[in-house]
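Residue-level listing of the chains:
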Amino acid sequence: MSNDSAQETTGASRLDAETTFAPRQQALDQLRSYLAMLVDVIDQHPEASMERDEAQWRLEELVDELARTPPSPPRVQSRWLRLVPVLREVRPDVPIAILTQLLNRAVGNL
């Protein structure tokens, strides 16, 4: 077997592993961008409340986790599951189902 053939096999195996285990970069970038904007939206929410404050810090935790390279799927899932109830209270207009799908695409099954 030639040296080129060995490199092709190794490269293909590495690509398969990255596709299978790594976050999908486009979904991750889109999610990071949306959640960063959402931090500002919640920060500017006209009604100060405990729910708003909790949504804010839980969202910031999630944004921080998603900024890691790579983000930890279990930690992302945990932060998302704690954020959803308070986010629904503070911003019922946020598309939770769509964001859940995007999170799933970005970091794996949630």
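Peer 1: Could you clarify how one ought to interpret a negative patch on the surface in this entry?
Peer 2: Where like charges cluster on the molecular surface, the negative patch consists of Asp40, Asp43, Glu60 and Asp64. Mapped by element, the contributors of at least two residues to the negative patch are helix 2 (25–43) and helix 3 (50–67).

Peer 1: Whenever I open this one, the side chain of Glu65 confuses me. Can you help?
Peer 2: For Glu65, the position within the fold is in helix 3. Judged by its relative accessible area of 4%, Glu65 falls in the buried class.

Peer 1: Would you explain the confidence of the model for the chain in this entry?
Peer 2: Residues shown with low pLDDT carry predicted positions that ought not to be read at fine detail. Summing up the model confidence of the chain, the mean pLDDT is 81 and the portion of residues at 70 or higher is 77%. Under a pLDDT of 50 for its full length, residues 1–23 has, in the predicted model, seven contacts with residues more than four places off or in other chains.

Peer 1: Would you take a moment to explain helix 2 for this structure?
Peer 2: It helps to recall that an α-helix has 3.6 residues per turn; residues three or four apart then point in one direction. Here helix 2 contains 19 residues, and its C-alpha end-to-end distance of 27 Å stays within 8% of the 27 Å for a straight helix at 1.5 Å per residue. Among the residues of helix 2, those classed as buried are Ala27, Leu28, Leu31, Leu35, Leu38, Val39 and Ile42. Projected down its long axis, helix 2 carries its buried residues within an arc of 110°, all on one side. For helix 2, exposure combined with an orientation more than 90 degrees from the buried face picks out Gln26 and Met37. Residues of helix 2 that are buried sit in contact with helix 3, helix 4 (73–90) and helix 5 (96–107).

Peer 1: Would you mind going over the environment of Arg68 with me for this structure?
Peer 2: Inspection of the secondary structure puts Arg68 in the loop between helix 3 and helix 4. Classification of Arg68 as partly exposed rests on a relative accessible area of 43%. Sequence-distant contacts of Arg68, that is, excluding residues within four places in its chain, are made with Arg32 and Arg75.

Peer 1: Is there a simple way to explain the nonpolar core in this structure?
Peer 2: A general trend in soluble globular proteins is that nonpolar side chains are found buried together. In terms of nonpolar packing, the biggest core is built from 25 residues, with Leu31, Leu66 and Trp80 touching the most fellow members. Where this core is concerned, the elements lending two or more residues are helix 2, helix 3, helix 4 and helix 5.

Basis of the calculations
Counting restarts for each chain, with residues numbered from 1 along the sequence as it is written. Reporting in this predicted model follows two pLDDT cut-offs: at least 70 for local features of residues, and 80 or more for side-chain atom pairs to be given and counted; totals over whole chains, interfaces and linings ignore these cut-offs and use all residues. In computing side-chain values, all of the structure's heavy atoms are included and hydrogens and water are not. For patches, a residue must show more than 30% relative accessible area and have no salt bridge; joins then use 9 Å for like charges and 5 Å for nonpolar side chains, namely Val, Leu, Ile, Met, Phe, Trp and Tyr. Residue-level accessible areas treat just the shown protein chains as cover; the underlying method is Shrake-Rupley with a 1.4 Å probe. Criterion for a salt bridge: a side-chain nitrogen of Lys or Arg within 4 Å of a carboxyl oxygen of Asp or Glu. This count recognises Lys and Arg as positive and Asp and Glu as negative, with His and chain-terminal groups excluded. For this purpose, a charge sits on NZ of Lys, CZ of Arg, CG of Asp or CD of Glu. Each helix corresponds to a stretch of at least 4 residues labelled H or I by DSSP, and each strand to a stretch of at least 2 residues labelled E; elements are numbered beginning at the N terminus. Each residue is assigned to one of three classes by its accessible area relative to the maximum for its type, calculated with a 1.4 Å probe on protein chains only: buried under 20%, partly exposed between the two thresholds, exposed over 50%. Across the chain, each position has a pLDDT score giving the predictor's confidence in that residue, from 0 to 100. We call two residues contacting when some pair of their heavy atoms lies within 4.5 Å. One less than the residue count of a helix, multiplied by 1.5 Å, gives the span that helix is expected to have. This arc is built from the directions going out from the helix axis to the C-beta atoms. Definition used in this section: a nonpolar core is a set of buried Ala, Val, Leu, Ile, Met, Phe, Trp, Tyr and Cys residues joined via side-chain atoms within 4.5 Å.

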